[in-house]
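# Architecture at a glance
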Amino acid sequence: MEQRRKEHRIVVLKINGEEHSVAVKDGETLLDVLRGRLRLTGTKKGCNLGVCGACTVLVNGEPKNSCLLLASSCEGVEINTIEGIAQGGMLHPLQRSFINYGAIQCGFCTPGMIMSALALIKQNARPSEEEIKEALSGNLCRCTGYVRIIEAVKNWKKYENKKSPPPQSDDLSQFATVGRSMPRVDAADKVTGRAKFTADYYFENMLYGKILHSPIAHGLIKKIDASAAEALPGVKLVLTGKDVPDITYGVSPARYDEHVLAKERVRYVGDEVAAVIAVDEETADRALNLIKIEYEELPAVFNPMEAINKGAPQLHDRYKDNINTYVDHHFGNIEKGFAEADYIREEEFVGNHTYQNSLEPHASIAYWDNDGSILVVYSSTQVPHYVQYMLARVLDIPLGNIRVFRPPVGGAFGGKSETSPLDLITAIASKKTGRPMKMVYTREEMFLHGRGRHKQYMKFKIGVKKNGKITAVKSKIYLDGGAYTSFGIVTAYYAGSMIPTLYQIPNYRYEGFRVMTNKPACGAMRGNGAPQPRFAFECLLNMIADDLGIDPIEIRLTNAMNPHTRTCNDLDVRSCEFKATLEEVARKSGWSEKYKSLPPGKGIGIGCGGFVSGAGYAIYRGQVQRSSEKKPETFVKKAVFPHSNAIVKISEDGTAVVLLILAAEIGQGAATVLSQICAETLGISLHRVRIRAEDSDISPLDLGAYSSRTTLMGGNAVARASRDVLDKLFAPVSKMWACASKDLTAKDNHIFYKSDKSKVIEWAEAARKYFNENGPLVGTGWYKPPEGLGGDYKGAAVGTSPAFSYGSSVCECIVDLETGKVKIEKFTDYHDCGTPINPKAVHGQVEGAVVMGAGETIMEEIIYDEKGNILNPNLHDYLLMTIKDAPEIFSGLVDSYEPEGPYGAKEVGEGATLRFLDT
Amino acid sequence: MTLSNIVYYEPRTLTEIFKLLKGLNSVRVMAGGTDLLVDLKQGLIDTRNIISLHKIRELKGIEKKNNTIKIGALTSIQEIISNSLINQHIPALADAAKSMASHQVRSLATIGGNICSAVPSADLPPPLIAAEATVDLKCLGSSREVPLSDFFRGPRETICRKEELLTSIFIPLQPPNTGMSYKKFTPREATALAVASVAASLTLKNGVIAKAVIVLGAVAPTPVMALKASKSLTTKEPSEDSFQETALTAKEESKPISDIRGSIWFRKELIYVLTRRALDEALSRAQGKLE
């Protein structure tokens, strides 16, 4: 047999009915050919190992993972991808059903989900719920909790008629747009594969980079020989520690402790040691293996309880006994509080070390623009502004010279809330090579980069009176931090500060130790630090209720937080309908009939939680400027600059509105909610509003999607900017009608004179006239959290917020008493998120949080071997819930109004996670 | 990514395959590719050449001849699930197939691949061994038929020689009053490997168990027959007590390891539970109470 030695072969692929002749390498997968060579990027790469299903295509009508097909084997078959589903500019009914049922959040799983569903409905036009679950069991979704996906597939036929309306909704809103379950503004892009995520972008002359990670958990780098890698054809640049700035980076200014690439020392398996930049990923990968590194291995420590012992290996000189953060908070007097108690119980709990696992892997692209002095970075990030800030610091260039572009983000959950090595390496390497640079993490690298949930070792003690009234709470928590600080200081503070927000606790002490270990750094995962202590607290409260013979809901009502309260740790609670959520969830779940009367193997339980609606203070202190220009300013109890800023710009013909705000759409629905607030305030239809939130050159600063801040803070900025537009627009109109501006109102795309119905002008007409006489019609608005938030003690800033959310959940499960397997059957949830802007989006967040929280509780955990290697850095072995595992969910809302929020709204995404982890 | 240097072959006849297998060094046969490509991407195995079977039509399909069901090695898992012969004659195999991975993977993966990958937790071998299946191993100019129970040598190791190809699987039709069952434990409902699994086959004659076969999966380097447990049931009347005792024996016979999916203790406990459940279901099927 003749040995073929040719690099490529020509294959003819028939995709969506069109033939493509492509030169492919033998080992190339269909997925890589679709995305890389044909630029059909609607098909996504999530895990590359055939688990996540984001790469699903149809081959002769059968759904298959395109990452498990060699392109060479695909000649002569019909391949269908997401790009071919909408025909002649018309969406397929299934796509319309996904849009209208709210089956989309981040949209990264959506193309694969639709392909699998399409294969099903072609065989079986009216599938049952079981059949849908079976057909979609190979498509993971991290955002939606699957509920609305099932509904969308079940009801797709309703959308065969092009005029069919969105599903009935029970929205009882006094407003035209706000308070209504509008379909997402980005949904059509996401169901067609048009939505371009960071890794989907391509620039001419682009180079690709890969990172060499440390194979050992702790050691000194003695020698690096990259000559063989540099000599490999196609390799353009090899970077090691000596090639990157000496400036450290991180999240909290007090603990910047990471270098772009390790300078002398590696501290965990996965630490970044070198980077190769080459003409393609494959060459870069191959070159990594040619870099020779000599390490002097140092003893490592993996358990925080060992790491704090004298004589344990030290990770950083600056963190004595490996204690990275120590918190000692004491409010009231716990000695007195416990002395007053009739009953005291103390227990220990451990909270899982889990990982966000957004379906979209981290990715960055960088190039230098203009005369080469302007850095442009495309990044899959929750926090474009902080990426900008950190790039300015490490590269030591003005913030103004950096443009961050944030394409749609395929899920984040806190895992993309800090500047990544990819952002930094692409920026540095593209400067050196003068070419655009792209880097994308593999799923394994995502795990190595880490920033997942801290494992927490918790001891809680609660004292109560006979009636269950809490007199004192004490907690001592050790957080396993991993090798760097990341968000960890904040995590350690949040682990304590959120406890007194839910219940009235007169006396409270919290001691927290965040400890360094030779593992990937832990960071801010959905609920940042708060969920596990909440789990511990809620469990202990249930135990105490049992011990005293009090119903678990009763003991909560006895202690529940009231509105307009200052907590013992100086947090200002405004709206709070916590009690209502307890009462509603008890009623809806049939609690009183079920609690303690279910047969063996069935269980019912309650857990509660809540969270901030945006951190009260920015992550860095002082002004918006490069941190090297100035030392951190002393802390003042007010926001130095506005945390959210918006510009509302009206098109010259008056018919369209462009909303500019850097708020990050990461799947949670920020773009839709902010557009709704804009439309409502302006009095125009939602479809007239377009939001541009991607580009820091275009949109004004917003701190990003973390600490559940977007709806409240971004929403306020948008409402103000919109009112600013109206103020300007009303001036000439009121002049025309000889009345005051306050006599005018804008709604239904018109401007009315309130007391004279005959006086009315089309909104667009008025705006056009404004432009003719005054030039551009533009409004601006901004939001600063209220001044003076928080107390005067060290760490008082963490936990402050303009508003807090509340909620209660009842969970019902079945336990296989012989194998111990837990099946979570049903969740009933009621949430106080203020007055929702988009109820469907709220329910979507709750459902997603249920499934993530339930998964974290019963099947997720990162596992290490004794040398610090992760044993399950893939979606085969790190288990996310599939559609078949997800429970039935009821998500309900209680009436609430948050005075500090736009149209009375506050957060939902993170608070929900807390209760599902602890229920 | 060890996939980048692969040389891919797509022969159109069995003879071509046999010639390639003989002539090439560092070679792997690819059926569905769902194990092979994953292993290659993860660097778990290394190979220079891949021979794809997918152009060989004769390796696909399910047919009944005389008293045997023949399944071509290239038959996809999804086809096994929906095939009427399988559902009629050995529903436990369809159950095992249904429990595997996801729809997408099942429409790629094949029965031959599931057997030849020889992963200890593979789902199809236990029910196939319980049904006393044999496999046909062919090479240039010769062929041999071996019982599947003799096929596995260790994790990812089989008796299949480098120049040989597993072409088909033969399952004898089960005697009357025979029932089979496959039970497995996974931590989630889809796309999860078995932590432990049990296939059981019972043949009844005049109310007593004439023959019993119990096969354990994921608790030894290969799927194994629980010989003592199987024997302990013959000539006995099926009862809760006898099944319980047999399950305890099966548990003793299992030799699992501890890994991220489960500890030795947990796996042994699972074998006890799963054996009982498999026997219960096999009995119902043998008595015609199911389906």
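Reading guide: rules and limits
Residues numbered from 1 in each chain as written. Chains lettered and ligands numbered in written order. Predicted model: local features only at pLDDT ≥ 70, side-chain atom pairs only at ≥ 80, totals over all residues. Helix = DSSP H or I, 4+ residues; strand = E, 2+ residues; numbered from the N terminus. Rg over C-alpha atoms; globule rule 2.2 N^0.38 Å. Buried ≥ 20, exposed ≤ 12 C-beta atoms within 10 Å, placed from the backbone. Contact = placed C-beta atoms within 7 Å. Nonpolar A, V, L, I, M, F, W, Y, C, P; charged D, E, K, R; others polar. pLDDT = per-residue confidence, 0-100. Pairing = 2+ DSSP bridges. Right-handed = clockwise from strand over helix to strand, strands pointing away. Core = buried A, V, L, I, M, F, W, Y, C linked by C-beta atoms within 7 Å. Expected span 1.5 Å × (residues − 1). Arc of directions from axis to C-beta. Axes fitted to C-alpha atoms, helices over the stretch in contact; angles between N-to-C directions. Parallel < 35°, antiparallel > 145°, perpendicular 65-115°, else oblique. Left-handed = near helix turned anticlockwise from the far one by under 90°.

## Some remarks on the overall build of chain B
- Check the secondary structure of chain B and you find 11 helices and 14 strands.
- In terms of C-alpha radius of gyration, chain B reaches 19 Å, essentially the compact-globule figure of 19 Å for 291 residues.
- Oriented by its inertia axes, the alpha-carbon framework of chain B measures out at about 55 × 45 × 30 Å.
- Among the 291 residues that make up chain B, the fraction classed as buried is 54%.
- A fraction of 64% describes how many contacts in chain B between residues 6 or more apart in sequence connect residues 24 or more apart.

## Thoughts on the overall build of chain A
- Counting its regular elements, chain A contains 23 helices and 33 strands.
- For 919 residues, the compact-globule formula gives about 29 Å, and the C-alpha radius of gyration of chain A, at 28 Å, lands near that figure.
- Structurally, chain A occupies a C-alpha span of about 85 × 80 × 60 Å along its principal axes.
- Looking at chain A residue by residue over its 919 residues, the buried ones come to 62%.
- Here the contacts in chain A between residues at least 6 apart in sequence split such that 78% fall between residues at least 24 apart.

## Observations regarding unusual backbone geometry
Residues and elements named next belong to chain A.
- A positive phi angle, near 50 degrees, is found at Asn16, a position not held by glycine.
- With respect to the helices and strands, the residue Asn16 is situated in the loop between β1 (8-15) and β2 (18-25).
- Judged by C-beta crowding, with 17 C-beta atoms within 10 Å, Asn16 ranks as partly exposed.
- The backbone of Arg451 sits at a positive phi, close to 80 degrees, despite the residue not being glycine.
- For Arg451, the location among the structural elements is in the loop between α13 (443-449) and β18 (455-464).
- Taking the C-beta count within 10 Å as the criterion, Arg451 has 27 such neighbours and is therefore assigned buried.

## Observations regarding the interface of chain A and chain B
- With 39 residues of chain A at the contact, the number on the chain B side is 35 residues.
- Broken down by secondary-structure element, the contributors of at least two residues to the side of chain A that touches chain B are β4 (62-65), α4 (129-135) and α8 (281-288) of chain A.
- Among the residues making up the side of chain A that touches chain B, the classes are represented as 12 nonpolar, 14 polar and 13 charged.

## A look at the environment of Val585 of chain A
All names here are of chain A.
- With respect to the secondary-structure elements, Val585 resides in helix α17 (residues 578-589).
- Sequence separation between Val585 and Gly807 is 222 residues; the distance between their C-alpha atoms is 9.1 Å.
- If near-sequence neighbours (up to four positions away) are discounted, Val585 is found in contact with Ser808, Ser809, Val810, Thr828, Asp829 and Tyr830.

## Overview of the confidence of the model for chain B
- For chain B, the average pLDDT comes to 96, and 99% of its residues sit at 70 or higher.
- Under the prediction, the complex receives an ipTM of 0.97, its pTM being 0.97.

## Overview of the pairing of strand β16 (residues 402-405) of chain A
Residues and elements named next belong to chain A.
- Only one face of β16 is covered, namely the one carrying Ile402 and Val404; the face carrying Arg403 and Phe405 has none of its residues buried.
- With 4 bridges joining them, strand β15 (residues 374-379) and β16 adopt parallel strand pairing. Residue Tyr378 lies in a different strand from β16, and its bridge partner there is Phe405.
- Taken together, β15, helix α11 (residues 384-395) and β16 constitute a β-α-β crossover, and its handedness is right-handed.

## Comments concerning the environment of Thr248 of chain A
Residue and element names in this part refer to chain A.
- Examined against the element boundaries, Thr248 turns out to sit in the loop between β8 (235-240) and β9 (265-266).
- Owing to 15 C-beta atoms within 10 Å, Thr248 belongs among the partly exposed residues under this scheme.
- Along the backbone, Thr248 and Leu660 are 412 residues apart, and their C-alpha atoms lie at a distance of 32 Å.

## A few points about the nonpolar core
Residue and element names in this part refer to chain A.
- Judged by nonpolar contacts, the single largest core of 389 residues is most densely connected at Ala274, Val276, Leu391, Leu659 and Leu674.
- For this core, the element with the highest residue contribution is helix α20 (residues 710-736), accounting for 11 residues.
- Discounting residues that sit within four places of it in the chain, Ala274 has contacts with Leu212, Ile224, Ala226, Val238, Leu239, Thr240, Leu261 and Ile291.

## Quick notes on helix α22 (residues 839-858) of chain A
- Across its 20 residues, α22 of chain A extends 29 Å between first and last C-alpha, which sits within 8% of the 28 Å expected from 1.5 Å per residue.
- By the criterion of burial, α22 of chain A is predominantly enclosed, with 19 of the 20 residues buried.

## So, helix α16 (residues 552-559) of chain A
Residue and element names in this part refer to chain A.
- Burial in α16 covers these residues: Pro552, Ile553, Ile555 and Arg556. End-on view of α16: buried residues confined to an arc of 160 degrees, all on one side of the axis.
- The secondary structure elements touched by the buried residues of α16 are α15 (531-548), α17, α18 (591-594) and β23 (602-609).

## Description of the sheet that holds strand β14 (residues 363-369) of chain A
Residues and elements named next belong to chain A.
- If you walk across this open sheet you meet the 7 strands as β8-β10-β6-β17-β14-β15-β16, and the pairing is mixed. With partners counted over all chains shown, the strands left at the sheet margins are β8 and β16, one partner each. Strand-to-strand twist of the sheet, defined as the mean angle between neighbouring strand axes without regard to direction, takes the value 20 degrees.
- The strands touched by α8 are β6 (207-213), β8 and β10 (272-278); relative to β6, the strand with the most contacts, the crossing angle is about 30 degrees.
- Sitting on the sheet, helix α12 (residues 421-433) is in contact with β6, β8, β10, β14, β15 and β17 (437-440), with an inclination near 35 degrees to β14.

## Examining the sheet that holds strand β27 (residues 744-747) of chain A
Residue and element names in this part refer to chain A.
- Pairing in this open sheet of 3 strands is antiparallel, and the strands run β27-β28-β29 from one edge to the other. The strands lining the two open edges of the sheet, one partner per strand, are β27 and β29 (756-762). Ignoring strand direction, the axes of neighbouring strands in this sheet form an average angle of 30 degrees.
- Two elements, strand β28 (residues 750-753) and β29, share 4 bridges in a ladder whose sense is antiparallel.

## Notes on the packing of helix α2 (residues 93-101) of chain A against helix α3 (residues 110-123) of chain A
All names here are of chain A.
- Following both chains from N to C, one finds α2 and α3 inclined at 130 degrees, their axes separated by 10 Å at the closest point. On the basis of the axis angle, α2 is oblique to α3. The way α2 lies across α3 gives a crossing that is right-handed. Along its contact with α2, which presents Leu94, Gln95 and Phe98, the element α3 presents Thr110, Ile114, Ala117, Leu118 and Ile121.

## Focus: the environment of Glu633 of chain A
All names here are of chain A.
- With respect to the helices and strands, the residue Glu633 is situated in the loop between β23 and β24 (644-650).
- In this structure, the C-alpha to C-alpha distance between Glu633 and Arg768, residues 135 residues apart in sequence, is 46 Å.
- When sequence neighbours within four positions are dropped, the list of residues in contact with Glu633 reads Arg621 and Gly622.

## Section: the packing of α16 of chain A against α17 of chain A
Residues and elements named next belong to chain A.
- The interhelical angle for the contact between α16 and α17, taken along N-to-C directions, is 165 degrees, at an axis separation of 10 Å. In terms of orientation, α16 lies roughly antiparallel with respect to α17. Once α16 is placed against α17, the crossing between them reads as left-handed. The segment α16 lies against α17, with Ile553, Arg556 and Leu557 engaging Lys579, Leu582 and Ala586.
- Within the contact of α16 with α17, the residues separate by chemical class into 4 nonpolar, no polar and 2 charged.

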